[in-house]
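# Commentary on secondary and tertiary structure
Here is what each chain is made of, one letter per residue.
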Amino acid sequence: MSKLEQYEWVNIWYDEANDTTGTRVLLVGDSIMLGSRKYVQQYAGKDIHVDMIATSKALDNERYAKELMYMIASEDYKLIRINNGLHGFHLDIADYEREYDKIISGIME
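On a predicted model such as this, the values are computed, not experimentally measured, just so you know. Every chain is numbered independently, its residues counted from 1 as its sequence is written. Reporting in this predicted model follows two pLDDT cut-offs: at least 70 for local features of residues, and 80 or more for side-chain atom pairs to be given and counted; totals over whole chains, interfaces and linings ignore these cut-offs and use all residues. Side-chain descriptors were evaluated using all non-hydrogen atoms of the structure, hydrogens and water having been removed beforehand.

Here we come to unusual backbone geometry. Even without being glycine, Glu-16 reaches a positive phi, approximately 45°. Working definition: helices are DSSP H or I runs of at least four residues, strands are E runs of at least two. Numbering for both runs from the N terminus. Examined against the element boundaries, Glu-16 turns out to sit in the loop between β1 (10-13) and β2 (23-29).

The following block contains the structure:
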């Protein structure tokens with residue numbers, strides 16, 4: 001069962017939401033991803049739209065997968081980058097790996 005933090009948050013960002021001509025990529029992660037999205041966008045240029053879902057939720061939080069899958073279903077992403085390492089200290093390595101594998105399997109479906 002997921003352990004919640006005192007404050008749980010999620011930030012969803014669609015870059016140039018009305019533009020259907022560019023390539024879309026998705027950044028998935030925590031506060032590190034939240035802080036780096038604008039730099040990735042600057043580096044990527046105007047033809048690549050860098051969307052993001054950043055959250056404090058750990059991988060074993062059922063809402064994490066639901067929110068992520070909602071975002072993935074909303075666009076045709078050519079690249080998805082995941083970095084969620086600061087949340088979920090209640091998970092041991094085997095549990096973290098199992099939950100990570102479930103997330104990756106869900107994305108691949």
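Text resumes after the structure shown.
Here we take up a nonpolar patch on the surface. Nonpolar side chains collect at one region of the surface, where Val-10, Ile-12 and Tyr-70 lie side by side and expose about 280 Å² of accessible area between them. Examined against the element boundaries, Val-10 turns out to sit in strand β1. Like-charged residues are merged into a patch within 9 Å and nonpolar side chains (Val, Leu, Ile, Met, Phe, Trp, Tyr) within 5 Å, provided each residue has over 30% relative accessible area and no salt bridge. Working definition of accessibility: Shrake-Rupley area with a 1.4 Å probe, residue cover restricted to the visible protein chains. We define a salt bridge as a contact between a side-chain nitrogen of Lys or Arg and a carboxyl oxygen of Asp or Glu at a distance within 4 Å.

Okay, the side chain of His-49 next. Relative to the helices and strands, His-49 resides in strand β3 (residues 48-55). Taking relative accessible area as the criterion, His-49 reaches 0% and is therefore assigned buried. Only 3.4 Å separates the side chain of His-49 from the side chain of Asp-15, close enough to count as a polar contact. Once you skip the residues sitting within four places of it in the chain, His-49 turns out to touch Asp-15, Glu-16, Asp-19, Gly-22, Thr-23, Arg-24, Val-25 and Gln-41. Any residue under 20% of the maximum accessible area for its type is buried, any over 50% is exposed, and the rest in between are partly exposed; the area is computed with a 1.4 Å probe on protein chains only. Whenever two N or O atoms come within 3.5 Å, that pair is a polar contact, provided that in protein one can donate a hydrogen and the other can accept it, and provided that, for residues adjacent in sequence, both atoms are side-chain atoms. Between two residues, a contact is recorded if the distance between any of their heavy atoms is within 4.5 Å.

Within this structure, the stated rule accounts for eight salt bridges. Lys-78 is the partner of Asp-76 in a salt bridge, and the nearest nitrogen-oxygen pair spans 2.9 Å. Judged by its relative accessible area of 53%, Asp-76 is exposed. A relative accessible area of 58% means that Lys-78 is categorised as exposed.

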